[in-house]
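In case you want the letters, here they are:
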Amino acid sequence: AEEGVRQAFALELARDSEIRVVQKKGCSILAVIGEGMKNRPNISGRFFNAIGKAKVNIIGIAQGSSERNISAVVMREDLSRALRAAHAGFTLSDMVMSVGVVGTGLVGTQLLSQIAGFDKSVGRNANVPAMAEVKRLKMEVRAVCDETNMLLSQHGLPLERFQGMVDIDPVALYESFPEEIKADCQLVPTDPDMFVEWIDTRRIPHKVVVDCTASEEVADMYPAFLKRGLHVISPNKLAGGGTLERYNACMEAMRNSEAEWCYESTVGAQMPVISVVHDILQTGDSVITVEGVFSGTMSYIFEMLHKHPELKFSEAFTQARDRGYTEPDPSQDLLGIDTARKCLIVARELGMNLNLEDAQVESLAPESFAQSDDHSWEAITAALRETTDGEIAAKVAAASGRGERLRYVGEISPKTGVIRVGIRSLPLDHPLVTARESESVVSFITERYSPEGPLVVRGPGAGPIVTATAVFSDLLRLARKLGS
């Protein structure tokens, strides 16, 4: 074949020394063929865009003179991935995503349960526009890990095993598998490098890491994930609401790769707080103030204290923990750090280059607790009984006497560059008083939305079910974007 090409182009080779015939082994040809291609725009664009998003390098391109054929040369080892990506790009077959879940607590387990129900949902194939966008989506959960162990599967874990579970133990789950499932799985000690290699299979074009932890160590890995081309979805606030250096590293990694970092769930669970910020800015509006009850825990506590004046703050806090509303480390709620991180994430979306230390935060715990290294549940309840119960009871009574309600509010002011977090006494008709139980509510005051008529987003803001639903929604939004 090589000699035949030399003979066919002998004249051109003789005239130009820059023209050479080189043999490259291990290549394959992928082609799009269709009778009506020449009359339809963007066929080649969709073809090459799909292959590019799958991180497949194209060695050569050719188009037939009849305009019925577009061919691309790729390495043979990339052929399967390129073919899947091309099929997904033209919706000729299912779009497959390789998914790895870090964290097997309440949120991670609930997420896996929801993914398991996705394929079997009654309305999946309903003839409605929303379902049409996800009909061809297939999520292959290849890895699940906690701090100690990883459960890996070559062709996807059996999702039906996750339905109805509350907390996953990878060891117990593996031991419950029948032998035919075990043959496709591995149970090994947790190794971040092996976890990434397992997810980043060449067989599947799109790979996603879902971080359901509250871990600094995992958040530190985001820039490396993104640089590698792995998409990241997370309710973990430590990346978006942690150090500015790490946040900027994540943003830079996104800009330099095809990977996406989706973190809508970090602020208001399934409430579209970040999406609303983007909509406001992209439509040419200007934000004056964002204020909200960002903590579902604090929303529940102050609602209960006004409903039941005899209830102590420490007792309401215990109820919130028992209902699953608090952070994995409940002291983050008490010290105001959870609300401050959520405000910081919103502030950065508004262009405010701040760190957590820049926020003005009113803690609800005594100074002695804030300075202590002991943030156990016993230490929390002892600290609350020491001073907080009495102080908050007096404030609740005073606010009720004025016909007002206490709320724990976070406020972001782009014009002054300030974040404030603390207790505020508000009139009954104030938008932030409308939150009930563990609901969060966020109010946007902009050039177009006045203080008398702000844009308000309200809904459940705490608990593993709504948080997992928000993460799942991010996963589906990412799939739609990749498939468009």
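Just so it is clear, the structure is predicted and the values come from calculations on it, not from any experiment.

Parameters and conventions
Residues numbered from 1 in each chain as written. Predicted model: local features only at pLDDT ≥ 70, side-chain atom pairs only at ≥ 80, totals over all residues. Heavy atoms only, no water. Helix = DSSP H or I, 4+ residues; strand = E, 2+ residues; numbered from the N terminus. Buried < 20%, exposed > 50% of the residue type's maximum accessible area, 1.4 Å probe, protein only. Contact = heavy atoms within 4.5 Å. Areas by Shrake-Rupley, 256 points an atom, 1.4 Å probe, with all protein chains shown as cover. Lys, Arg positive; Asp, Glu negative; His and termini not counted. Charge placed at Lys NZ, Arg CZ, Asp CG, Glu CD. Phe/Tyr/Trp six-rings, centres within 6.5 Å; stacked < 30°, edge-to-face > 60°. Lys NZ or Arg CZ within 6 Å of the ring centre and 35° of its normal. Pairing = 2+ DSSP bridges. Axes fitted to C-alpha atoms, helices over the stretch in contact; angles between N-to-C directions. Parallel < 35°, antiparallel > 145°, perpendicular 65-115°, else oblique. Left-handed = near helix turned anticlockwise from the far one by under 90°. Nonpolar A, V, L, I, M, F, W, Y, C, P; charged D, E, K, R; others polar. Arc of directions from axis to C-beta. Core = buried A, V, L, I, M, F, W, Y, C linked by side-chain atoms within 4.5 Å. Salt bridge = Lys/Arg side-chain N within 4 Å of Asp/Glu carboxyl O.

A. Examining the overall build of the protein chain more closely. Along the protein chain, the regular secondary structure elements total 22 helices and 16 strands. Taken along the three principal axes of its C-alpha coordinates, the protein chain extends 95 × 60 × 45 Å. Within the protein chain, the fraction of its 484 residues that count as buried is 51%. Long-range pairs, those at least 24 residues apart, make up 68% of the contacts in the protein chain between residues at least 6 apart in sequence. Surface summary for the protein chain: the accessible area is close to 22,600 Å², and the carbon and sulfur share equals 50%. Taking the average place of the 51 positive charges on the side chains of the protein chain and the average place of its 65 negative ones, the gap between the two points comes to 8 Å.

B. Focus on the packing of aromatic side chains. Applying the stated criterion across every chain yields a total of ten aromatic pairs. Ring geometry for Phe47 versus Phe48: centroids 5.1 Å apart, planes at 45 degrees, classification tilted. One Lys or Arg, Lys182, reaches over the ring of Tyr174 and ends 5.4 Å from the middle of that ring. Lying over the aromatic face of Tyr247, Arg348 brings its terminal NZ or CZ to 5.0 Å of the ring centre.

C. Spotlight on the sheet that holds strand β6 (residues 149-153). Spatial ordering of the open sheet is given by β7-β6-β5-β4-β8-β9-β10, a layout of seven strands whose pairing is mixed. The open sheet terminates on both sides in strands that have one partner only, identified here as β7 (185-189) and β10 (261-262). Sitting on the sheet, helix α9 (residues 192-199) is in contact with β4 (95-102), β5 (137-145), β6, β7 and β8 (206-211), with an inclination near 165 degrees to β5.

D. View of the packing of helix α15 (residues 273-282) against helix α19 (residues 337-349). Close contact between α15 and α19 brings their axes to 10 Å; oriented N to C, the two are set at 25 degrees. Classed by the angle they form, the pair α15 and α19 counts as roughly parallel. In this structure, α15 meets α19 at a crossing whose hand is right-handed. On α19, the residues touching Val273, Ile274, Val277, His278 and Leu281 of α15 are Ile345, Val346 and Glu349. When its residues are assigned to classes, the contact of α15 with α19 shows six nonpolar, one polar and one charged.

E. Expanded view of the sheet that holds strand β3 (residues 69-75). Spatial strand order, β1-β3-β2: three strands in an open sheet with antiparallel pairing. Across the chains shown, the open sheet's two edge strands, defined by having one partner strand only, are β1 (27-33) and β2 (58-63). On average, adjacent strands in this sheet sit at an angle of 20 degrees to one another, irrespective of strand direction. Along the sheet, helix α3 (residues 43-53) contacts β1, β2 and β3; its crossing angle with β3, the most-contacted strand, is approximately 15 degrees.

F. Focus on α9. Of all the residues in α9, the buried ones are Phe195, Val196, Trp198 and Ile199. Within α9, the buried residues cover an arc of 160 degrees as seen down the axis, which keeps them to one side.

G. Focus on the side chain of Ser413. Assignment of secondary structure puts Ser413 in strand β13 (residues 404-413). When neighbours within four sequence positions are excluded, Ser413 is seen to be in contact with Ile288, Met352 and Val418.

H. Summary view of the environment of Val128. Looking at where Val128 falls in the secondary structure, it is placed in the loop between α5 (106-120) and α6 (129-132). For Val128 and Arg46, which are 82 residues apart along the polypeptide, the C-alpha to C-alpha distance reads 25 Å.

I. Summary view of unusual backbone geometry. For Ala269, which is not a glycine, the phi torsion comes out positive at approximately 55 degrees. Within the secondary structure, Ala269 sits in the loop between α14 (265-268) and α15. A residue is classified by how much of its surface remains accessible, and Ala269, at 5% relative accessible area, is buried. Backbone geometry at Glu437 places phi at a positive 50 degrees, although glycine is not the residue there.

J. Spotlight on the environment of Thr109. By the element assignment, Thr109 lies in helix α5. Residue Thr109 is classed as buried on the basis of its relative accessible area, which comes to 0%. Between the C-alpha atom of Thr109 and that of Val144, which follows or precedes it by 35 residues, the distance is 9.9 Å. In contact with Thr109, not counting residues within four places along its chain, are Thr104, Met165, Val166, Asp167 and Ile168.

K. Region of the structure containing the packing of helix α17 (residues 313-322) against helix α21 (residues 377-401). Where α17 meets α21, the axes come as close as 7 Å, and the angle between the chain directions of the two elements is 135 degrees. One element, α17, and the other, α21, form an angle in the oblique class. Residues Phe313, Ser314, Phe317, Thr318 and Arg321 of α17 pack against Trp377, Ile380, Leu384, Arg385, Thr388, Asp389 and Ile392 of α21. Of the residues assigned to the contact of α17 with α21, the class counts are six nonpolar, three polar and three charged.

L. View of the nonpolar core. Core analysis: the biggest nonpolar cluster contains 85 residues, and Trp261, Phe302, Phe313, Ile412 and Ile419 have the highest contact counts within it. Sorting elements by how many residues they give to this core places α21 first, with eight residues. Other than its neighbours up to four places away in sequence, Ile419 contacts Cys343, Leu344, Ala347, Met352, Leu354, Ala359, Gln360, Glu411 and Ile412.

M. Up close: the pattern of salt bridges. Taken as a whole and assessed by the stated rule, the structure comprises 26 salt bridges. Glu260 serves as the salt-bridge partner of Lys481, at 2.9 Å between the closest nitrogen and oxygen. Remark: Glu260 occurs in the loop between α13 (244-255) and β10 and Lys481 occurs in helix α22 (residues 464-483); sequence separation between them is 221 residues. Judged by relative accessible area, which is 46%, Lys481 ranks as partly exposed. Taking the relative accessible area as the measure of exposure, Glu260 reaches 22% and is therefore partly exposed. Among the salt bridges present, the one from Asp322 reaches Arg321, with a minimum N-O distance of 3.5 Å. The exposure class of Arg321 is partly exposed, given its relative accessible area of 33%.

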